[in-house]
Amino acid sequence: MLLRVRDSQGDSEVAQTMDVSKGGALFLGKHRHRVGDILFLTLPSIDKPLPIEQRARIVRVQQAMRGTLYAVKFEKA
């Protein structure tokens, strides 16, 4: 599944999700972020007609062959 990732400066990219759960997500991105950065992820919702934007904090960064893997924990706004 694709998702939109926006940082606190407003820069955004479309990234590939690797895993999504109630508490967080793992996605493959091209932009550079660091552990502790706040991101805003726009995800499709099965319960609502419009996508939802979820605030998340990066908890792990790992280099991968096709980009960088980012593990995030969802936070309340």
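Note that the structure is a prediction, hence the values are computed from the model and not measured. (Residues numbered from 1 in each chain as written. Predicted model: local features only at pLDDT ≥ 70, side-chain atom pairs only at ≥ 80, totals over all residues. Heavy atoms only, no water.)

**Student:** Which parts of the structure should I look at to understand the overall build of the protein chain?
**Tutor:** Each helix and strand counted, the protein chain has zero helices and six strands in total. By the compact-globule yardstick of 11 Å for 77 residues, the protein chain fits well, its C-alpha radius of gyration being 11 Å. Oriented by its inertia axes, the alpha-carbon framework of the protein chain measures out at about 35 × 25 × 20 Å. Each of the 77 residues in the protein chain was classed as buried or not, and the buried ones make up 35%. Per element, the accessible surface of the protein chain, about 5,300 Å² overall, is 53% carbon and sulfur. (Helix = DSSP H or I, 4+ residues; strand = E, 2+ residues; numbered from the N terminus. Rg over C-alpha atoms; globule rule 2.2 N^0.38 Å. Buried < 20%, exposed > 50% of the residue type's maximum accessible area, 1.4 Å probe, protein only. Areas by Shrake-Rupley, 256 points an atom, 1.4 Å probe, with all protein chains shown as cover.)

**Student:** I tried to follow the nonpolar core on my own but got confused; where do I start?
**Tutor:** Considering soluble globular proteins, one finds that nonpolar side chains tend to be buried as a cluster. Among the nonpolar cores identified, the biggest contains 13 residues, and Leu-3, Val-5, Phe-27, Leu-39, Leu-41, Val-72 and Phe-74 are the most heavily contacted of them. When residues of this core are traced back to their parent elements, those giving at least two are β1 (2–7), β3 (24–29), β4 (38–43), β5 (52–64) and β6 (67–74). Apart from residues no more than four positions distant in its own chain, Phe-74 is found in contact with Ser-21, Lys-22, Gly-23, Gly-24, Ala-25, Leu-41, Leu-43, Gln-54, Arg-55 and Ala-56. (Core = buried A, V, L, I, M, F, W, Y, C linked by side-chain atoms within 4.5 Å. Contact = heavy atoms within 4.5 Å.)

**Student:** When you look at the sheet that holds β5 in this model, what are you seeing that I'm missing?
**Tutor:** Paired through their backbone hydrogen bonds, the strands of a sheet run either parallel or antiparallel. Taken in spatial order, the six strands line up as β1-β2-β3-β6-β5-β4 and close into a barrel, and their pairing is antiparallel. The sheet shows a mean angle of 45 degrees between the axes of neighbouring strands, direction not considered. Note: β5 against β6, eight bridges, orientation antiparallel. In the strand pairing of β6, Ala-56 is matched with Phe-74. (Pairing = 2+ DSSP bridges. Axes fitted to C-alpha atoms, helices over the stretch in contact; angles between N-to-C directions.)

**Student:** Can you walk me through the side chain of Glu-13 in this structure?
**Tutor:** Its place among the elements puts Glu-13 in strand β2 (residues 12–20). Despite its burial, Glu-13 remains without a salt bridge, the nearest opposite charge being carried by Lys-30 at 7.7 Å. Among the polar contacts made by the side chain of Glu-13, one reaches the main-chain amide nitrogen of His-31 at a distance of 3.2 Å. Residues contacting Glu-13, with those up to four places away along its chain left out, are Leu-3, Arg-4, Val-5, Gly-29, Lys-30, His-31 and His-33. (Lys, Arg positive; Asp, Glu negative; His and termini not counted. Salt bridge = Lys/Arg side-chain N within 4 Å of Asp/Glu carboxyl O. Polar contact = N/O pair within 3.5 Å; in protein donor to acceptor, adjacent residues only side chain to side chain.)

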